[in-house]
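Structural characterization, general
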Amino acid sequence: MASVARLRSVVVDCPEPAELARFYAQVAGGTPEEESPDWVVLQVPGGPRLAFQRVSGLTPPQWPRSDRDAQQFHLDFDAGSTWEEVDAAHEKVLALGARPLDLEDREKKDFQVYADPAGHPFCLCRIEHG
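Some points on the environment of Ala 25
Note that Ala 25 resides in helix H1 (residues 17-28). For Ala 25, a relative accessible area of 12% translates into the label buried. Linking Ala 25 and Ala 2, residues 23 residues apart in sequence, is a C-alpha distance of 32 Å. Residue contacts for Ala 25: discarding those within four places in its chain leaves Gly 30, Pro 32 and Leu 42.

This is how it looks when you write it as structure tokens:
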């Protein structure tokens, strides 16, 4: 099927674009480029372009509620093929300011859920590389 358009960016609303772009640059790589105080872009190496847009009064989603303030979307990160790699990534994202939301049943789910410094959910996933 032919596409109508190409995906340019995933845009994340947040109160502090430069701060959140730096967080994700440390998680996924790349260098944030501030186009204005209200708009910062991060080209993830080998991945998507993430843009961070200032929104005042942002209410972050409530995990795991979907009846109000639904998460709308979240980012999944390949943290490695072993739980040792995921555990190392876990320690690093906590040091960067993430907070755990769901660390239960990881053997069944192969992922763990965190909130970034602005409150958006993201996952560290254990991905079998074959």
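Remarks on the pairing of strand S4 (residues 49-54)
Residues in a regular strand project their side chains so that they alternate between the two faces of the sheet. Inspection of the sheet shows strand S1 (residues 10-14) paired to S4 by 5 bridges, in the parallel sense. If you follow Cys 14 over to S4, its bridge partner there is Arg 54. Relative to S4, strand S3 (residues 39-43) runs antiparallel, the two being bridged by 5 bridges. In the sheet register, Val 40 faces S4, and the bridge partner there is Phe 52. Connecting S3 to the next strand, S4, in antiparallel fashion are 5 residues, including Gly 46 with a positive phi near 70 degrees.

A short note on the pattern of salt bridges
When the charged atoms of two side chains with opposite charge come close together, those side chains can pair. Applying the stated rule across the entire model yields 5 salt bridges. The shortest N-O distance in the salt bridge between Glu 128 and Arg 126 comes to 2.6 Å. Each member of the salt-bridge network shares a partner with another, and the members are Glu 16, Asp 38 and Arg 54.

Definitions and limits used
Residue indices follow the written sequence of each chain, beginning from 1 at its first position. At least 70 in pLDDT is required for a residue's local features to be given in this predicted model, at least 80 for side-chain atom pairs to be given and counted, and no such filter applies to totals for whole chains, interfaces and linings, which use all residues. As a rule here, side-chain values cover all heavy atoms of the structure and leave hydrogens and water aside. We count a stretch as a helix when DSSP gives it H or I for four or more residues in a row; a strand needs E for two or more, and each element gets its number in order from the N terminus. Per-residue accessibility, obtained with a 1.4 Å probe over protein chains only, is compared with the maximum for each type, and a residue is labelled buried under 20%, exposed over 50%, and partly exposed between these values. The contact criterion used is simple: two residues touch if any of their non-hydrogen atoms lie within 4.5 Å. Two strands form a pair only when DSSP identifies at least two bridges running between them. Within this document, salt bridges are pairs made up of a side-chain nitrogen of Lys or Arg and a carboxyl oxygen of Asp or Glu, the two lying within 4 Å of each other.

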